Amino acid sequence: MKRLPKWWPTALFFAVLLSMPLWITDGYVLQLIFRVVIFAVVGMAWNIVGGYAGQLSLGHVAYFGIGAYAMTLSTERIGWNPWLGVILGAILAAVGALIIGSITFRLRGPYFALSTIAAAEIIRVLVQNQDQLTHGAVGTNAPLLFQAPSLDQKFFWGAIPLLGAVFALSMWIHSSRFGYRLRAIRENENTAMAVGVNPSREKLLALLPSAVFTALAGSMYASYFSFVGPDTVLTIDISVQAALIAMLGGAATVWGPILGSIVLTLTSEIFKTYFEHTHLVVYGALLIVVVIFLPGGVISLFEGRKRLRRETGPIGSVQG
Amino acid sequence: MRRFVLALAVVALAGCQQSKPGRIGVITALTGSQQAFGQAHDRGYEIALEEINAAGGVLGKPLEIVKYDDQSKADIAAQGVAKLVDQDKVSALIGSYSSESTKAIVPLVARRGVPLLMPTATADNVLDNTQGWSFRLCSGATDYANSMVSFWRDAGMPKSVAIVYENTNFGQANGAAMKKAATDAHIPIATEESYTAKSPSYTAMLEKVKEKNPDAIYFASYLLDATSLMHQSRQVDLNPRYFTAAGTGFSTPEFPTADKGAGKDAEYTFSVTQWMPESKWPGSAEFAKKFQAKYGSVPAYHAVQAYTALKVMAEAVKKAGKWDATAIRDALKAIDLPETTFGPVKFDARGQNLHPVLVTQVQKGQYQIVHPKTEATADPILPTPKWSGR
Amino acid sequence: MHFVQAFLNGLLVGGVYALIASGMALIFGVMRLVNFAHGAFLMLGTYLSYYGWVLLGLNPYLFFPLWGVVLFVFAVGIYRVLVRRVMGANDFLQILLTEGISLALVGLAQLVFGADYRQINLPIANRITGFGSLHFSVGYILSFAVSLLLVIALTQFLARTEMGRAIRAVAQNRTVAPLMGIRVERVSAITFGLGIACAGIAGALLLPIFWTNPTVGAPYTLKSFVIVVLGGMGSVQGAALGGLLLGVAEQFTAYTWADRYAEVVNFVIFLLVLLFRPQGLFGGKA
């Protein structure tokens, strides 16, 4: 590789992405790529806490749902502009992160993961049952963040800055002291404490932007598809997807979740079209294959360095 | 890699240039938790398609439908609209199965200017924000509740009603509808109980209901819970004057059977239903027979709703005279079909078809229509005998 | 009187929970494996039981040992081919793998069995019995009885047999156990098989009082975790008591508050235990 500026692949990637609405006229394809972008955001946001800090959260959908519902309910019940609702969602997600984090981060390993599932499920059940406030299981239509016409393009262009922002954050974390401290926590929390890292504080600091970006993605997603419901924006499937996208792509890397989202979202759609009834089996098989043959994630195909295996090494320890 | 991209380009270009023959898009739950109902839809569509094409197709050509599987998820259903309209260039849509998935696609079809006919969604809020592009064939939760109240007016108003519903979109929509209908009719509500569907045991909840001594109970449940609820009602010895329900579980062909339903415990239960093979609408018995011959089971009303929806849509296209989405939408607005297999079809200003709801009772293991009197096949057996006396 | 009824109903349901969770406790305690596929294996157990009855007339309450053996063999196979590779790897990979197995099994079930719900009608299961003003479903009593017998058998197996001791040794200290001549790999395989067999038999016993479809197992995976934590990680007795406790808690919540919140009780108990008594109610070591 010649000595081109190091940022040229990134610039090219974003340039191509930005240009897509201009030459892709098929709304369906544009919508599909929109989903890839949104879930790349979700994956990258998760990656901050899950990949870099090694905290396997399986409850991130809580923030996704908070973003979606805050935007929808504030517009519907208080009459706010939906963009204000989006900001409200981000704030509430941060608050939620502080609460959930302070409870769950006391636990390690699989206990932590399970506790995050519990937290997200509590939120889902409450939303589902407080139907007076939230429309319960029936759900409701979400407001539009942009005006017609050309909604597909506007939403697409709206999602890219979000991707850019979380991308920039990931890049910064990857090479900063903060990232270094997060990785230290991931490798061994006790040792990290011994060298002066405060795990409780760092983990919460990692969770805050993670939650905020997830909420923003949730708002945008709900608005585009015009719908919020507990089984759409608060389901555990999304939590699992967030983790999968990052892990499949390559945890604790900047490009990993983007790759993961491309692979997962597109294969899911392709399987559905060509394999119909078997897509669940194929999906499961894909997971198994990746775990056994590509534990460093898809990105390890491109990097090929053994170093990556150490990057995604043992995470947490099971405390008895 | 290059060859692949080239091939893709060729296919894309080819797709754009060719003028596609007119097609109707169908979204339903072919996989996922609602697969059983999506399958009922699918089968109804297949039978309708056969009949339409055997009778000469639509506008001189055989009718084609394009299916999309929403995997029982609302956001995937939303994606289906994009695929069917943008890629497959359908001129009209039918779908989906659940109220959630249907609600998700309503604003999207309005955005794209394509008419949508909803075969099965019963939640009342699916007709909000249609902007005139969506129509609903089936009756909604409010119609269910009103029909049951109207039956009670004939058979004897209960002194109180307990509303027991699952906490899903189907259950909550019907629970709320009955609450309103009962309140409007001045029937005191003994209690409202919402349960988590598919649990092993409802005895604690049923004990609570029993304590309130309701004169009538209105359930909103699917088949499995309907079975559990009736077995466990017997277990706790709950004896209201009326066991009633908002259709679905309590009106499926399997419910009164012993091996797939509640068997003897289903006896005497009342339920609203959208359709029965025995109903007097033309073609009902034939449809049921055809379905049974082809698929080996008795059709539930979801299948006939899909069947009728496709036929209605085909008629609308014929009326419009061309495969133009706006023209088809206008044709649907004005359509008036008094004699379909699903009863008369005519949409009001909101897009709702004024479909008469039937009330049935399980008598000797068979459903009998007991209301309205004009459609009735038998008289209701009242009061419901106590469990100890059965 | 109704509280007594709710309590007893809770115990009956809890019996089956106890069996499922015992399996999970075994797997988690001995192998430190986070098994997200537990529910999927329960589902397989229900289908074995279903087809056994519908096609061959084999009563689930009599033939559950057969289904247990089938699943034991199947599980050992899965262990040797797949699970073994993530033993000792980080939690990420374990969860990914077991989640993948779960999805694949559920997907296969949907393909092969179809997604519609199945139930069987076992006349004895629908009978109602009772005394005084208390009443119970005979099916529930049978499922409870068999489950509890199996849990007791399991604890006896662990306490008295040589394999049982080996299993407990590995649970206590995986690194030192080989020094005692214990073949850890073999023990792991057998533990996995046993744990899955518990889940499968629980499924077989649930069928007469419940129903099945490919997704029936999903809530039970999480429930098992809750119970294992409640009872004390790795302790089979703890999991058994935890299962009974959870059953009672759910019924009480349904009775005093609302059925739809019984779900939440699972999670709230879970978080409370994790925060205030992480070794569980009956776990010894912290």
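Bear in mind the structure is a predicted one, so any value in this text is a computation, not a measurement. All chains use their own residue numbering, which begins from 1 and follows the written sequence. Each chain is given a letter, starting from A, and each ligand a number, starting from 1, according to the order in which they appear as written. The predicted origin of the model limits local features to residues at a pLDDT of at least 70 and limits the giving and counting of side-chain atom pairs to 80 or more, whereas totals for whole chains, interfaces and linings rest on all residues. Hydrogens are left out, water is left out, and the side-chain values use all remaining heavy atoms of the structure.

Student: Can you help me understand the overall build of chain C in this one?
Tutor: Helix and strand definitions follow DSSP, with helices as H or I runs of at least four residues and strands as E runs of at least two, each counted in order from the N terminus. For chain C, the helix and strand inventory stands at 11 helices and 2 strands. Its helices and strands taken in sequence order, chain C reads α-α-α-α-α-β-β-α-α-α-α-α-α from the N to the C terminus. Along the longest, intermediate and shortest principal axes, the C-alpha atoms of chain C span 60 × 45 × 35 Å. Taken across its 286 residues, chain C has 65% of its residues classed as buried. Pairs of residues are marked as contacts when any of their non-hydrogen atoms sit within 4.5 Å. For chain C, the proportion of contacts with a sequence separation of at least 24, taken over those separated by at least 6, is 76%. Reported accessibility uses the Shrake-Rupley method at a 1.4 Å probe radius. Residues are deemed covered only where the shown protein chains occlude them. For chain C, the accessible surface area stands at approximately 10,400 Å², while carbon and sulfur atoms represent 68% of it. A distance of 12 Å separates the average location of the 16 positive side-chain charges in chain C from that of its 8 negative side-chain charges. Each residue's exposure class comes from its accessible area (1.4 Å probe, protein chains only) as a fraction of the maximum for that residue type: buried when under 20%, exposed when over 50%, partly exposed otherwise. This count recognises Lys and Arg as positive and Asp and Glu as negative, with His and chain-terminal groups excluded. Charge positions are represented by NZ for Lys, CZ for Arg, CG for Asp and CD for Glu.

Student: How should I be thinking about the packing of aromatic side chains in this particular structure?
Tutor: Two aromatic rings from Phe, Tyr or Trp, using only the six-membered ring of Trp, form a pair when their centres are within 6.5 Å; if the ring planes differ by under 30 degrees the pair is stacked, by over 60 it is edge-to-face, and anything between is tilted. Scanning all chains against the criterion turns up 50 aromatic pairs over all chains. When the centroid spacing of 5.9 Å and the interplanar angle of 75° are considered together, the rings of Y111(A) and F28(C) count as edge-to-face. Highlighted residues: Y111(A) in helix α5 (residues 109-129) and F28(C) in helix α1 (residues 2-31), drawn from two different chains. A relative accessible area of 8% places Y111(A) in the buried class. Taking relative accessible area as the criterion, F28(C) reaches 2% and is therefore assigned buried. Put simply, the rings of F34(A), F39(A), F64(A), W83(A), F146(A), F155(A), Y221(A), Y224(A) and F225(A) touch in pairs and so form one group of aromatic residues. Sitting over the ring of W133(B), R329(B) keeps its end group 4.2 Å from the ring centre. We count a charge as sitting over a ring when the NZ of a lysine or the CZ of an arginine lies within 6 Å of the ring centre and within 35 degrees of the ring normal. It is R390(B) that lies over the ring of W387(B); its NZ or CZ is 3.9 Å from the centre.

Student: Sorry if this is basic, but what is going on with the side chain of S261(A) here?
Tutor: Residues and elements named next belong to chain A. Mapped onto the elements, S261 comes out in helix α13 (residues 256-274). According to the relative accessible area criterion, S261 is buried, its value standing at 0%. In the analysis that follows, any N or O atom pair within 3.5 Å is treated as a polar contact, provided that within protein one partner can donate a hydrogen and the other can accept it, and provided that, for residues neighboring in sequence, both atoms belong to side chains. Of note is the side chain of S261, whose polar atom sits 3.3 Å from the backbone nitrogen of A40. In this structure, S261 is in contact with R35, V36, F39, A40, I245 and L266, ignoring residues within four places of it in sequence.

Student: Before we go on, may I ask you to explain the pairing of strand β14 (residues 366-371) of chain B in this structure?
Tutor: Every other side chain in a regular strand lies on the same face of the sheet, so the side chains alternate between the two faces. All names here are of chain B. At least two DSSP bridges between two strands are needed for those strands to be called paired. By the bridge criterion, 5 bridges tie strand β13 (residues 358-363) to β14 in an arrangement that is antiparallel. Within β14, the position partnered with V362 by the bridge is Y367. Adjacent in sequence and paired antiparallel, β13 and β14 are bridged by 2 residues, among which K364 carries a positive phi angle near 55°.

Student: Just checking my understanding: could you explain the nonpolar core for this structure?
Tutor: Among soluble globular proteins, nonpolar side chains are generally buried collectively. Judged by nonpolar contacts, the single largest core of 325 residues is most densely connected at L93(B), W152(B), L310(B), I101(C) and F192(C). The residues contacting I101(C), other than those within four sequence positions of it, are I288(A), A37(C), F41(C), I78(C), L82(C) and V83(C). Side-chain atoms within 4.5 Å are what join buried Ala, Val, Leu, Ile, Met, Phe, Trp, Tyr and Cys residues into a set we call a nonpolar core.

Student: What should I look at first to understand the pattern of salt bridges in this one?
Tutor: Between side chains of opposite charge, a pair can form when the charged atoms approach closely. Residues and elements named next belong to chain B. Any carboxyl oxygen of Asp or Glu that lies within 4 Å of a side-chain nitrogen of Lys or Arg is treated as forming a salt bridge with it. Here the structure, examined in full by the defined rule, presents 30 salt bridges over all chains. Its salt-bridge partner being K180, residue D184 comes within 3.0 Å of it at the nearest N-O pair. Note that D184 and K180 are positioned in helix α6 (residues 169-184) at a spacing of 4 residues, about one turn of the helix. D265 is the salt-bridge partner of R234, the closest N and O atoms lying 3.0 Å from each other. One end of the pair, R234, is in helix α8 (residues 223-236); the other, D265, is in the loop between β9 (242-245) and β10 (270-273), with 31 residues separating them in the sequence. Judged by relative accessible area, R234 falls into the partly exposed class, the value being 25%. Where salt bridges share partners, they join R23, E64, K83 and D88 into one cluster.

Student: Any chance you could explain α1(C) here in plain terms?
Tutor: Turn by turn, an α-helix covers 3.6 residues, leaving residues three or four places apart pointing in a common direction. Residues and elements named next belong to chain C. If you check α1, its first and last C-alpha atoms are 42 Å apart, about what 30 residues at 1.5 Å a residue would give, namely 44 Å. The term bend refers to the angle at a residue between two fitted axes, each drawn through seven residues, those ending there and those starting there. Considering bend angle alone, the principal kink of α1 is centred on G14 and spans about 30°. Just downstream of α1 lies R32, where phi reads positive at about 50°. Expected helix span is given by 1.5 Å per residue-to-residue step, counting one fewer step than there are residues.

Student: Just to check I follow, could you spell out the interface of chain A and chain C for this structure?
Tutor: By convention, interface size is frequently given as the accessible area that disappears when the constituent parts associate. In this complex, chain A contributes 43 residues to the contact, which on the side of chain C involves 39 residues. We define buried area as the total accessible area lost by two parts upon association, computed with a 1.4 Å probe and summed across both. In total, chain A and chain C occlude about 3,800 Å² of area from one another, counting both sides; carbon and sulfur atoms represent 82% of this. Area buried by chain A at its contact with chain C is led by Y111(A), L114(A) and V291(A), which between them contribute 16% of it. Counting across the chain A and chain C interface gives 1 salt bridge. In this structure, E263(C) and R124(A) form a salt bridge, with 3.3 Å as the shortest nitrogen-oxygen distance. In this assembly, chain A and chain C are joined by 2 residue pairs in polar contact (both at pLDDT 80 or more). Looking at the side of chain A that touches chain C, the elements with two or more residues in it are α2 (27-52), α5, α12 (236-249) and α14 (279-293) of chain A. No other element matches the 13 residues that α5(A) contributes to the side of chain A that touches chain C.

Student: What am I meant to see in the sheet that holds β14(B) here?
Tutor: Whether parallel or antiparallel, the strands of a sheet pair through hydrogen bonds between backbone atoms. All names here are of chain B. Taken in spatial order, the 3 strands line up as β10-β13-β14 in an open sheet, and their pairing is antiparallel. What marks the edges here is a single partner per strand, and that holds for β10 and β14. Strand-to-strand twist across the sheet, computed as the mean angle between neighbouring axes with direction ignored, equals 40°. Relative to β13, β10 runs antiparallel, the two being bridged by 4 bridges. Within the sheet, the bridge partner assigned to V272 lies in β13 and is V359. Running at roughly 75° to β14, helix α5 (residues 141-155) makes contact with β10, β13 and β14 of the sheet. What counts as an axis is a line fitted to C-alpha atoms, over the stretch in contact for a helix, and the angles between N-to-C directions run from 0 to 180 degrees.

Student: How do you make sense of the interface of chain C and chain B when you look at a structure like this?
Tutor: Counting from both sides, the interface comprises 30 residues of chain C and, opposite them, 31 residues of chain B. Across the chain C to chain B interface the summed buried area is about 2,800 Å²; carbon plus sulfur atoms make up 50%. The interface formed by chain C and chain B holds 0 salt bridges in total. Our count for the chain C to chain B interface comes out at 10 residue pairs in polar contact (both at pLDDT 80 or more).

Student: Help me out: how do you make sense of a positive patch on the surface in this one?
Tutor: All names here are of chain C. Patch membership is restricted to residues that have no salt bridge and whose relative accessible area is over 30%. Joining uses 9 Å for like charges and 5 Å for the nonpolar side chains Val, Leu, Ile, Met, Phe, Trp and Tyr. On the surface, R80, R84, R85, R183 and R186 cluster together into a positively charged patch. When you line up the elements, R183 lands in the loop between α7 (162-172) and α8 (184-206). The class of R183 is exposed, set by a relative accessible area of 56%.

Student: Help me out: how do you make sense of a nonpolar patch on the surface in this one?
Tutor: Residue and element names in this part refer to chain A. Together, W7, W8, L12, V16, L18, L22, W23 and W157 line one region of the surface with nonpolar side chains, adding up to about 860 Å² of accessible area. By the element assignment, L12 lies in helix α1 (residues 8-23). Exposure remark for L12: the relative accessible area of 47% places this residue in the partly exposed category.

This is a description of form; function is not addressed.
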